[in-house]
Amino acid sequence: MALRLCLVTPFAWSQPHDVNEHVEGVAKELRTLGHSVTILASSNRARDIAAGRRALLDGLEAEIVALGPAMPISRRSRIGVPVGARANLSLALSLGRFDVVHGFEPGLPSLSYLALRDAQGLAVATFMSPERLSYPPGRAQRDRLLGRLDALVSTSDETAEAAALRFPGHYEVISEGVDPQLFRSGRKRNLIVVEWRPTERALVRGVLRELAELPEWELLLLRTKPLTGRPTIPRVLRERVHVRTARDGPARAPLLAEASIFVPAVDGLGRVRLEAAASGCAIASPPGAREQPELYGAEAARLAENADYRRRKAERARSEVEGQTFAAVAHELDELYQSLAKRRHRTPDQTDPLRGRPWILADLHMHTSWSHDCAVDPADLIMYAEANGLGAIAVTDHNTFGGALETVELARDHELVVIPGEEIKTDGQGEVIGLFLQEEIPRGLSFADTVEAIKEQGALVYLPHPFDRLHSIPEPATLQRHLADIDVFEVYNARLLFEAYNEEALRFARKYNLTAGAGSDAHVLQGVGTGALRMRAFEGAEEFLLSLRSAQVLRRPRSLVYLQSLKWMAQAKERVR
């Protein structure tokens, strides 16, 4: 299935960067698989920004869209994107109608973070370096972002471990990828390439010390970052030691093609190591070298002196990189995207099978005196609901089914439809409502066991206030695992303190085509009907779901302070009695 994909990088497209190389290589291969891929980035080139503006005016028909000028990304900054670029990003996401928005290094204040936060479609985040995990600083912001992510990807086990501390979840480890056409083994000579970092002097000293004992070998100190200084080279070695700056793949390819040995920096770029392996270099990376950088020099000397050992190491490195080409990475990402797309519920038939039925108002979430925190008598509830024009209500008491049964019995001589339900507290994963239940379900089961118990009765799974962070709620991973089991997703709860929680639920429901529900969550009579649905009259659970296809959410809010005060007063009276 061809998808419309959006890849977002936090770094300026006008400057060489390993993240941009990864994005560009993956995008090219994903296009060969039949997907439509748009790259969103910033740029400091005037022609890129002008082309980006034209693309936005033309409906985003471009492979790369520069949304605005690049700004320095500070770990302490709360604003890493200009206002104009933010506006262009919102416009691009709206115009693109992307199936998947894939942001790279969202742990920085950047376009990637904003794109994943505001994406309306499926969202995937890739973390590529343990050094880029400082944003957002607040846990509430990180939880909000995690709630909108559908998959977490890392390019190494080390990065996944570091990222999981700030963004908990399951990480798919997918290689950075390399272009096998660009990086190929050439005619090798006695050349050692060291990825140079100005902070890793012990590593360079160790290699230079060994080079003095290898008169037939030369050394190339390779700078892959912007110019930050020049290493100190002993006078006796200056004719055999060279310094080159190569910040992108095309510049590094000819150097690595003729190198026999590659020494990676302790905190170097994983991409450069992949490129060296694909170029047929023997990688000098002995165990314990991170703690003792001098060991890099000893390993390089051993490789230089032993041709058979050097050949075996080069062949091993080449074999390891065979499955890490950009094409292989694109296939892995394609499988991930397709699996995420399957999570969406099927778009229901747009015809209204109950169009001949009258419209009624239904409140799908309320409580009676059987709940520990409510004092509403079932008989009073029926009279109040009918007096306020409701045609159907769902009684969903906390961890008890008696109130629903009593209300159903009392309503037999009334036109009001009562759906028997229960709001069940799970073991640490929020609450789940069962609608059209026949028996009580005990509290304290796991989320999965609670859902299974509801399904065993032929009842419906209704998820209440799923993003109300003032209460216990399911983790994002739990929600995603059980998307197929959710029959109705509450997108409006009249009793929530912050409307943003309802908006988050509505966004989630739209992303996965979930059937929307609404309720008052009333604990006092005055709250009944403050959240409701206008839907077709129904009989039974099957028609109820059909009716929800064409239902409209009605918001009839009252002061939450007023309703909460009435609840506390009722509870106080009960305690006095």
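Above this note sits the structure.
Residues numbered from 1 in each chain as written. Predicted model: local features only at pLDDT ≥ 70, side-chain atom pairs only at ≥ 80, totals over all residues. Heavy atoms only, no water.

### Here's the deal with the sheet that holds strand β21 (residues 552-555)
Across the sheet, which stays open at both edges, the 9 strands sit in the order β19-β18-β17-β16-β15-β14-β13-β20-β21 with mixed pairing between neighbours. Two strands bound the open sheet, and with one partner strand each, they are β19 (516-519) and β21. Pairwise comparison of adjacent strand axes, ignoring direction, gives a mean angle of 30° for this sheet. Pairing of strand β16 (residues 431-435) with strand β17 (residues 460-463), which is carried by 3 bridges, proceeds in the antiparallel orientation. Across the sheet, Ile433 pairs through a bridge with Tyr462, a residue of β17. The sheet strands contacting helix α17 (residues 499-512) are β18 (488-493) and β21, and the helix crosses β18 at an angle near 150°. (Pairing = 2+ DSSP bridges. Helix = DSSP H or I, 4+ residues; strand = E, 2+ residues; numbered from the N terminus. Axes fitted to C-alpha atoms, helices over the stretch in contact; angles between N-to-C directions. Contact = heavy atoms within 4.5 Å.)

### Structural notes on the pairing of strand β4 (residues 100-104)
For β4, the buried fraction is high: 5 of the 5 residues fall into the buried class. Going residue by residue along β4, you find Val100, His102 and Phe104 tucked away on one face and Val101 and Gly103 tucked away on the opposite face as well. Examined bridge by bridge, β4 and strand β5 (residues 122-127) share 5 bridges and lie parallel to one another. If you follow Val101 over to β5, its bridge partner there is Ala123. Running through helix α4 (residues 111-118), the crossover from β4 to the neighbouring parallel element β5 is right-handed. (Buried < 20%, exposed > 50% of the residue type's maximum accessible area, 1.4 Å probe, protein only. Right-handed = clockwise from strand over helix to strand, strands pointing away.)

### Regarding the layout of surface pockets
Gaps between atoms show up when a probe of the same size as a water molecule is rolled over them. Estimated volume of the second largest pocket: approximately 980 Å³. Lining the second largest pocket are 33 residues, with Leu146, Pro168, Glu475, Pro476 and Ala477 sitting closest to its centre. Of all the elements in the fold, those that place two or more residues in the lining of the second largest pocket are α5 (139-148), β6 (151-154), α6 (157-166), α12 (326-341) and α16 (476-481). Among the elements that take part in the lining of the second largest pocket, α5 stands out by supplying 8 residues, more than any other. Classifying every residue of the lining of the second largest pocket by side-chain character gives 16 nonpolar, 6 polar and 11 charged. (1 Å grid on protein atoms, 1.4 Å probe; cavity = no way out; pocket = protein on both sides within 12 Å on 5 of 7 lines; lining within 4 Å. Points joined across faces, edges and corners; volume = space filled by probe spheres on them. Nonpolar A, V, L, I, M, F, W, Y, C, P; charged D, E, K, R; others polar.)

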